[in-house]
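# A structural walkthrough
The lines below spell out each chain.
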Amino acid sequence: MKKQKYIRVFLVDYGMVFVLMALCILISVLTISDMHPEDPAAARSLARSLVKEVGSDINVLVVARKTSADEAYATALQDELEAGGAHVVAVELGTPATLRTRLEVLGQQDERVDFVATHDFSSKWRVLSSESRQEMASLYPALSKLKIAKPPSYRWPTFLTANNLIGILNQNAPIAIMAIGMTLVIITAGIDLSVGSLMALAAVVTAKSLESYLGGEDASGLSVVFAFLIAMGVCALAGVFAGVIVTAFKVPPFVVTLGLMMVARGMSYILAGGADAVKIEAESIGTLYSSSVLGIPSQIVLMVVLFIVAHIVMNHTAFGRYVYAVGGNETAARLSGVPVVAVLIAVYAICGLAAGLAGVLDASHFGTGRPKAGEFYELQVIAAVVVGGTSLMGGEGKIFGTFIGALILGVIQNGLNMAGVDSYSQMVIYGALILVAVLIDQLKKKVVKPASS
Amino acid sequence: MFKTTWLSLLLAIFVLGCSSEESSVIQDDNNNSVTGVDQVNDDQNSDSADGKIGYSAMSLKNPFFVIISDSLTEAGAAHGFSVVTTDADSDVNKQANQIEDFISQGVDAIVINPTDKEAIGPAIKKANEAGIPVFTCDLQCVAEGIEIAGHIGTDNFQGGELAGNAMVEVLGDEGGEVLVLDFKQANSCVLRVDGFKKVIDAHNESTQTGKITVVSEINGGGDQDIGYKAAADSLKAHPNIRGIFAINDPSALGAWQAVKEADRLDVIQIVGFDGELAGKQAILDGKIYADPIQFPKQMGQGIVEKLVAYQAGESYEKTTLIPTALYKKEDAEKDPELQAAE
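Residues numbered from 1 in each chain as written. Chains lettered and ligands numbered in written order. Predicted model: local features only at pLDDT ≥ 70, side-chain atom pairs only at ≥ 80, totals over all residues. Heavy atoms only, no water.

### Some words on the overall build of chain B
For the record, the criterion: Helical segments are the DSSP runs of H or I of at least four residues, strand segments are the runs of E of at least two, and each set is numbered from the N terminus. Exposure is judged per residue with a 1.4 Å probe applied to protein chains only, and the accessible area is read against the type maximum: over 50% gives exposed, under 20% gives buried, and values in between give partly exposed. Residue contacts follow a heavy-atom distance rule, with two residues in contact if any of their heavy atoms lie within 4.5 Å.
From N to C terminus, chain B includes 13 helices and 13 strands. The burial tally for chain B puts 56% of its 342 residues in the buried class. Looking at chain B alone, contacts between residues at least 24 apart form 72% of all its contacts between residues at least 6 apart.

See the structure below:
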């Protein structure tokens with residue numbers, strides 16, 4: 001009996017993990033398509049197969065784009081072909097236009113080319129189409145037997161590629177980071193509508209402080225960090241302000257943060273001087289966004305670290321217990337000695353700080369401070385928290401659940417984008433999703449309560 | 001039960017996803033499984049190439065971009081490209097994400113209406129680094145250090161001049177005061193006003209009587225609601241206004257509403273811009289005097305033509321600006337598009 005109860009509780013608490021997994025599997029199945037290998041290993045195996053099949057007495061032109069990944073591909077192809085005894089006429093890294101010029105030059109020099117060895121992407125360039133090749137063959141005898149070789153394709157879900165998965169995490173990191181703060185606020189039975197506007201404010205403050213006080217174009221890396229800290233500090237202060245109004249005057253958080261949302265958005269526009277975006281000239285502005293740790297964008301690393309810290313704080317510290325206690329029953333918490341006012345102010349400050357961090361990341365991403373940044377993000381952030389199983393009634397919720405909630409939203413958006421669904425339908429699906437999550441939240445109580453009492 | 005909801009939801013997506021997937025035919029895969037070499041056959045027709053274009057539209061709420069998407073899809077299909085359209089919803093962050101998604105899907109080309117002329121730069125740079133050509137359409141990107149493979153848009157300055165001509169024509173010998181409803185956030189709209197004012201200035205220099213003065217240039221938001229409020233306030237401040245130039249149809253229609261409520265329809269003439277269906281209808285109904293109209297259909301076709309030339313390695317014009325044409329009531333009466341709508 002007891003075992004059954006644990007399973008049930010586990011399913012209720014972590015059911016969303018299964019939803020996420022089911023989603024991933026489904027989208028994987030739906031996005032199965034031809035994958036075209038473009039890595040050096042594929043290049044080497046192509047070179048070996050080519051030599052094995054048609055012999056080493058061939059003249060090969062290696063073709064790829066002018067990117068660092070393609071350069072590695074072309075080099076591997078060239079090395080392996082030459083090792084197999086084939087003759088590499090030239091390596092052409094560029095665009096269809098440069099390839100056409102190259103072929104024409106080779107044709108004029110009467111340099112025989114048997115094969116163009118390339119990858120799928122470049123093989124689709126029309127300069128290599130059969131029509132174009134026939135045309136060239138009629139002009140230049142040296143190109144009359146030109147064939148194209150590329151690695152074979154295989155079937156694999158586009159969704160399940162390292163690029164795409166990292167992309168999903170990276171794109172949703174700012175929302176997930178803000179959702180950490182929002183989880184705390186919602187556990188105390190509050191809400192914070194100002195996060196999207198605070199995000200914009202942080203981005204604009206970063207841009208403005210760099211432009212006006214920290215040296216503009218010549219701002220050093222340290223100045224950029226300083227600007228980030230100022231921007232996050234402003235947002236944390238705004239959070240403190242909201243927390244004070246909520247606790248001192250007993251104004252509902254919804255109204256307080258609604259006001260703050262408008263004030264912060266308006267201030268962002270005023271600071272930006274009516275411009276669409278304040279350009280950040282400092283060179284190191286993009287470092288935060290574009291740097292990576294062991295190949296993983298630092299934004300993702302930051303997000304994961306913050307989630308781990310938040311998880312520990314919420315489950316293993318007095319502060320975490322206070323937050324749950326305030327949300328569960330504020331009066332009981334006060335009577336048992338929980339510093340309710342301090343906890344509430346701290347929670348809104350953390351939420352503001354998280355929004356500030358998201359704004360700083362946005363500024364680093366786009367190299368501008370945009371007063372328009374983060375419009376309607378508060379809704380996405382709240383959605384992530386609610387889908388993650390945190391109750392809007394307060395007192396319960398899990399940081400881990402929020403992480404899963406943010407991922408579910410991100411995965412769905414990714415799937416919808418891949419399918420080319422317009423933003424109208426995306427809104428409908430998002431809305432339906434939130435309704436479903438709230439329904440689950442309600443049913444959860446019905447399922448668990450009788451069992452535990 | 002919830003899982004079934006999820007499943008049906010995603011099945012719907014599946015159907016949508018498949019329809020766009022279907023047209024991408026795989027190149028013939030003769031003898032590759034044995035040898036590990038995929039040779040492209042000589043008898044392969046160039047039209048069967050399985051290219052894929054990723055299009056990130058400014059906003060699919062605006063019919064203008066839906067037409068671009070449709071024409072892109074149609075023209076693309078004729079050249080063997082399937083087109084995936086995503087809706088950036090005027091949000092540069094969304095658009096940047098969509099471009100990143102396109103890169104990881106490995107599309108052959110990316111087409112965007114830049115949602116922000118500066119901030120979309122880093123995302124375009126990523127596509128450049130991945131070797132995927134980026135084409136811009138309607139709006140241009142001015143960020144530095146990026147490579148745009150081609151651009152097609154409207155000649156907005158010329159369109160503004162046409163609007164100016166229309167205003168000079170409709171105000172006739174009397175001239176008078178004119179209100180401009182602008183939208184400075186969009187460079188295209190700034191050019192429209194510049195072209196308009198150039199013609200007005202030239203007109204004023206060449207004539208003694210019937211001079212036209214622009215008494216106010218205010219933000220119409222490119223939006224019916226904002227345009228309405230802006231026009232209503234201006235009509236109170238300037239009782240002698242005889243003409244209104246609005247930089248697009250929604251704000252022109254908003255202005256018409258304000259003029260109607262001020263009971264001055266008989267003295268005030270409105271010139272709009274765009275030629276979207278609602279605008280053309282308003283011209284037919286006599287609400288708007290004339291529109292310089294744009295040709296979004298040609299934009300989709302033009303982009304595909306540029307892409308084909310790019311892939312063939314042929315030279316092509318990097319930037320094409322399509323001139324607008326002035327559309328008046330007599331054009332509306334002959335317009336099959338409006339007859340079909342009735």
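Still more to cover.
### Points about the side chain of A:D192
Residues and elements named next belong to chain A. Applied cut-off: His is not counted here, nor are the chain ends, while Lys and Arg score as positive and Asp and Glu score as negative. The rule for a salt bridge is simple: a side-chain nitrogen of Lys or Arg has to be within 4 Å of a carboxyl oxygen of Asp or Glu.
Here D192 is to be found in the loop between α7 (162-187) and α8 (195-212). This buried residue, D192, is left without a salt bridge; R265 holds the nearest opposite charge, at 11 Å. Excluding its chain neighbours within four sequence positions, the residues that come into contact with D192 are M182, V185, T257, Y348, C351, E378 and I382.

### Some thoughts on the domain arrangement of chain A
Filter applied, for reference: Where a domain begins and ends is set by an automatic assignment or by a domain database.
When cut into domains, chain A gives domain 1 (40-152) and domain 2 (162-452). The C-alpha centroid of domain 2 of chain A is placed 51 Å from the C-alpha centroid of domain 1 of chain A.

### Quick look at the pattern of salt bridges
Counted according to the given criterion, the structure contains 24 salt bridges over all chains. A salt bridge links B:E118 to A:K279, with the nearest nitrogen and oxygen atoms 3.8 Å apart. Here B:E118 is found in the loop between β4 (109-112) and α5 (121-129), whereas its partner A:K279 is found in strand β7 (residues 278-279) on a different chain. Overall, the relative accessible area of 23% leaves B:E118 in the partly exposed class. In this structure, the salt-bridge partner of B:E161 is B:K198, at a minimum N-O distance of 2.9 Å. Of this pair, B:E161 sits in helix α6 (residues 156-171) while B:K198 sits in helix α7 (residues 187-206), and the two are 37 residues apart along the sequence. Look at the salt bridges and you will find they share partners, linking A:D120, A:K124, A:K150 and B:D108 into a network.

### Let's talk about the domain arrangement of chain B
Residue and element names in this part refer to chain B. Selection criterion: Accessible surface is computed with a 1.4 Å probe, and the buried area is the amount of it that two parts give up when combined, taken over both parts together. Polar contact is the term for a pair of N or O atoms within 3.5 Å; when the atoms are in protein, one must be able to donate a hydrogen and the other to accept it, and sequence-neighboring residues count only if both atoms are side-chain atoms. By the convention adopted, Pro, Cys, Tyr, Trp, Phe, Met, Ile, Leu, Val and Ala count as nonpolar, Lys, Arg, Asp and Glu as charged, and the other residues, Gly among them, as polar.
In terms of domains, chain B is made up of domain 1 (45-148) and domain 2 (156-294 + 328-341). A straight line from the C-alpha centre of domain 1 to that of domain 2 covers 32 Å. When the buried surface of domain 1 facing domain 2 is broken down by residue, F64, K117 and L139 rank first, second and third, together holding 65% of it. Taken together, the connections running from domain 1 to domain 2 amount to zero salt bridges. Where domain 1 meets domain 2, there are zero residue pairs in polar contact (both at pLDDT 80 or more). Taken together, the residues that form the side of domain 1 that touches domain 2 break down as two nonpolar, one polar and two charged.

### Considering helix α16 (residues 377-387) of chain A
Residue and element names in this part refer to chain A. Taken across its eleven residues, α16 has nine buried, putting it largely inside the fold. Buried within α16 are the following residues: Y377, E378, V381, I382, A383, A384, V385, V386 and V387. Backbone geometry just after α16 places G389 at a positive phi near 95°.

### Section: the packing of helix α17 (residues 399-418) of chain A against helix α4 (residues 92-105) of chain B
So the rule is basically this: Each axis is a line fitted through C-alpha atoms, taken for helices only over the stretch in contact, and angles between the N-to-C directions span 0 to 180 degrees. What sets the label is the angle itself: under 35 degrees gives roughly parallel, over 145 gives roughly antiparallel, 65 to 115 gives roughly perpendicular, and the rest give oblique. Should the near helix be turned anticlockwise from the far one by less than a right angle, the crossing is left-handed, and should it be turned clockwise, the crossing is right-handed.
For the pair α17(A) and α4(B), the least separation of the axes is 11 Å and the interaxial angle reads 70°. Accordingly, the angle class assigned to the pair α17(A) and α4(B) is roughly perpendicular. In this structure, the crossing between α17(A) and α4(B) has a hand that is right-handed. Side by side, α17(A) and α4(B) meet where A:Q413, A:N414, A:N417 and A:M418 of the first sit next to B:K94, B:Q98, B:D101 and B:Q105 of the second. A breakdown of the residues in the contact of α17(A) with α4(B) according to their chemical character gives one nonpolar, five polar and two charged.

### Observations regarding helix α8 (residues 224-237) of chain B
Residue and element names in this part refer to chain B. Using the following cut-off: By definition here, a helix of n residues has an expected span of 1.5 Å times n minus one.
Taking 1.5 Å of rise per residue, the 14 residues of α8 would be expected to cover 20 Å, and the 20 Å separating its terminal C-alpha atoms lies within 8% of that figure. For α8, the set of buried residues is G227, A230, A231, A232, S234 and L235. Residues of α8 that are buried in the fold lie against β7 (176-182), β8 (212-219), β9 (241-246) and α9 (249-261). Sitting at the amino-terminal end of α8 is D223, which places a side-chain oxygen 2.9 Å from the backbone nitrogen of D225.

### Examining the side chain of A:T31
All names here are of chain A. Relative to the elements of secondary structure, T31 occurs in the loop between α1 (2-30) and β1 (32-35). In terms of polar contacts, T31 uses its side chain to reach the backbone amide nitrogen of F159, at 3.2 Å. If near-sequence neighbours (up to four positions away) are discounted, T31 is found in contact with W156, P157, T158, F159 and M418.

### Observations concerning a nonpolar patch on the surface
Worth spelling out the cut-off: Put simply, a patch holds well-exposed residues, over 30% relative accessible area, that have no salt bridge, with like charges counted together within 9 Å and Val, Leu, Ile, Met, Phe, Trp or Tyr side chains within 5 Å. Reported accessibility uses the Shrake-Rupley method at a 1.4 Å probe radius. Residues are deemed covered only where the shown protein chains occlude them.
A cluster of nonpolar side chains, contributed by A:V225, A:F226, A:L229, A:I230 and A:V234, occupies part of the molecular surface with about 410 Å² of accessible area. Summarising the element assignment, A:V234 is placed in helix α9 (residues 221-248).

### Things to note about the nonpolar core
For soluble globular proteins, the rule of thumb is that nonpolar side chains tend to be buried together. To be explicit about the condition: Residues belong to one nonpolar core when they are buried, are Ala, Val, Leu, Ile, Met, Phe, Trp, Tyr or Cys, and are joined through side-chain atoms within 4.5 Å.
With 96 residues, the main nonpolar core has A:M178, A:L210, A:M303 and A:I408 as its most contacted residues. Of all hydrophobic cores here, the second largest spans 38 residues; its members include B:A96, B:I99, B:V134 and B:C141.

### Considering the packing of aromatic side chains
Rules: Under the pairing criterion, centres of Phe, Tyr and Trp rings, with the six-membered ring standing for Trp, must be within 6.5 Å; the plane angle then separates stacked pairs below 30 degrees from edge-to-face pairs above 60, leaving the rest tilted. Throughout this description, the term charge over a ring refers to an Arg CZ or Lys NZ atom that lies within 6 Å of the ring centre and within 35 degrees of the ring normal.
Scanning the model with the defined rule gives four aromatic pairs over all chains in all. Between B:F196 and B:F245, the aromatic rings sit 4.4 Å apart at their centres with planes inclined by 15°, giving stacked as the arrangement. With B:F196 in helix α7 and B:F245 in strand β9, this residue pair connects regions lying 49 residues apart in the sequence. Comparing B:F196 with B:F245, the two get one shared label, buried. A:R65 extends its terminal NZ or CZ atom over the ring of A:F121, reaching a point 3.9 Å from the ring centre. Of note, B:R192 hangs over the ring of B:F273, and the distance from its end group to the ring centre comes to 4.1 Å.

### Brief notes about the sheet that holds strand β3 (residues 81-87) of chain B
Sheet strands associate in pairs through backbone hydrogen bonding, adopting either a parallel or an antiparallel arrangement. All names here are of chain B. What counts is decided by this rule: Note: two strands are recorded as paired if DSSP finds a minimum of 2 bridges between them.
Taken together, six strands build an open sheet; the order of strands is β3-β2-β4-β5-β6-β12 and the sheet is parallel. On the outer flanks of this sheet lie β3 and β12 (319-322), each paired with one strand and no other. Direction aside, neighbouring strands of the sheet carry axes that sit 15° apart on average. Judged from the four bridges that link them, strand β6 (residues 150-154) and β12 form a sheet pairing that is parallel. Bridging across to β12, H151 finds its partner in T319. The strands touched by helix α11 (residues 296-312) are β2 (51-57), β3, β4, β5 (134-137), β6 and β12; relative to β6, the strand with the most contacts, the crossing angle is about 165°.

### Overview of the pairing of strand β3 (residues 87-93) of chain A
All names here are of chain A. Short version of the rule: If you view a crossover with the strands going away from you and the path from the first strand over the helix to the second runs clockwise, you call it right-handed.
Strand direction decides the pairing type here: strand β2 (residues 59-64) and β3, joined by six bridges, are parallel. By the bridge assignment for β3, V63 is matched with E92. Once you follow β2 into helix α3 (residues 68-83) and on to β3, the crossover reads as right-handed.

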